[in-house]
Amino acid sequence: MVERLYTANLTGNPFLLFETREVAKGMLKKLHKDEALKEILDSNLFQYKNAKSILKRFNAIYKRLGKLNDDLLVKLAEGTIQEAKITNLFVIVRADRLFREFFIEVVAERIKEPAHKLRERDLRYYFEQKRETVSEVQKWMDKTIKKLYQVYIQILYQSGIIENRKNLALRKFFVNDEFKKALFSSFPQEWIECITV
């Protein structure tokens, strides 16, 4: 599902790889949404103390996974950690408009450069530009923008695109043809080519 509005939802629901893998397992079993949630709650699969937090995260992840095909659900639930991370990254890129534009406008451009390096000023400029041009973003408080900045770096780090949160060097992944084919079935070619060799 593609997010049409600009939101700051990632501040409360960042990368969440562990939780996403658990939700993907339920979806592969073809459980109804309520059944998948019940299984997670009953077995405390997220390992949270608060049922309200489980419900919030579950709903966000379930919405993100939307119409993800079974091949990629398998990669998320049972694939290698790298396959799960890359799939989860693209699920977030697809689901969150602001992050998608950041990925396309900033990450994809910087990774093409010889230095393959993201700069802190790139993120500051991106958010400043969105505040000037997008009415929803203009209304957000400074602390929301600061939190999004931190979450974006964290998502890139947890996905493996950056190895170090301090120097922000970007890297590409080698993926096998079978996984690449599965990615092409659900995501735009330019996203995949941006981070794979």
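**Quick look at the overall build of the chain**
Assigned secondary structure in the chain consists of 11 helices and 0 strands. Moving toward the C terminus, one meets the helices and strands of the chain in the order α-α-α-α-α-α-α-α-α-α-α. For the chain, whose C-alpha radius of gyration is 17 Å, the value lies close to the compact-globule estimate of 16 Å for 197 residues. With the principal axes as the frame, the chain shows a C-alpha extent of 45 × 40 × 30 Å. In the chain, the share of contacts with a sequence separation of at least 24, taken over all contacts with a separation of at least 6, comes to 69%. Carbon together with sulfur atoms contributes 51% to the accessible area of the chain, which is approximately 10,500 Å² in total. Of the charged side chains in the chain, 37 are positive and 27 negative; the average position of the first set lies 4 Å away from that of the second.

**Topic: the packing of aromatic side chains**
With the rule as written, the count across this model stands at 12 aromatic pairs. Judged by centre distance (4.9 Å) and plane angle (85°), the ring pair of F99 and Y152 falls under edge-to-face. Of the two residues, F99 is situated in helix α6 (residues 97–112) and Y152 in helix α9 (residues 142–159); the sequence distance between them amounts to 53 residues. Taking the relative accessible area as the measure of exposure, Y152 reaches 0% and is therefore buried. Centre to centre, the rings of F127 and Y152 are 5.3 Å apart; their planes meet at 45°, and the pair counts as tilted. Linking F127 in helix α7 (residues 120–133) with Y152 in helix α9, this pair joins segments that are 25 residues apart in sequence. By the burial criterion, F127 is buried, and Y152 matches it. An aromatic cluster is built from F99, F102, Y126, F127 and Y152, whose rings are joined through pairwise contacts. Cation over ring: R165 sits above Y157, and NZ or CZ is 4.0 Å from the ring centre.

**Overview of the pattern of salt bridges**
Side chains that differ in sign of charge can pair as their charged atoms come close. Tallied over the full model, the rule gives 16 salt bridges. Between E109 and K112 there is a salt bridge, and its shortest N-O distance comes to 3.2 Å. Here K112 and E109 lie together in helix α6, a separation of 3 residues that amounts to about one turn. Looking at E109, the relative accessible area reads 37%, which means it is partly exposed. Relative accessible area serves as the criterion here: at 60%, K112 is assigned to the exposed category. Within the structure, one salt-bridge network assembled from shared partners comprises R97, E101, E105 and K130.

How each quantity is defined
Residues numbered from 1 in each chain as written. Predicted model: local features only at pLDDT ≥ 70, side-chain atom pairs only at ≥ 80, totals over all residues. Heavy atoms only, no water. Helix = DSSP H or I, 4+ residues; strand = E, 2+ residues; numbered from the N terminus. Rg over C-alpha atoms; globule rule 2.2 N^0.38 Å. Contact = heavy atoms within 4.5 Å. Areas by Shrake-Rupley, 256 points an atom, 1.4 Å probe, with all protein chains shown as cover. Lys, Arg positive; Asp, Glu negative; His and termini not counted. Charge placed at Lys NZ, Arg CZ, Asp CG, Glu CD. Phe/Tyr/Trp six-rings, centres within 6.5 Å; stacked < 30°, edge-to-face > 60°. Buried < 20%, exposed > 50% of the residue type's maximum accessible area, 1.4 Å probe, protein only. Lys NZ or Arg CZ within 6 Å of the ring centre and 35° of its normal. Salt bridge = Lys/Arg side-chain N within 4 Å of Asp/Glu carboxyl O.

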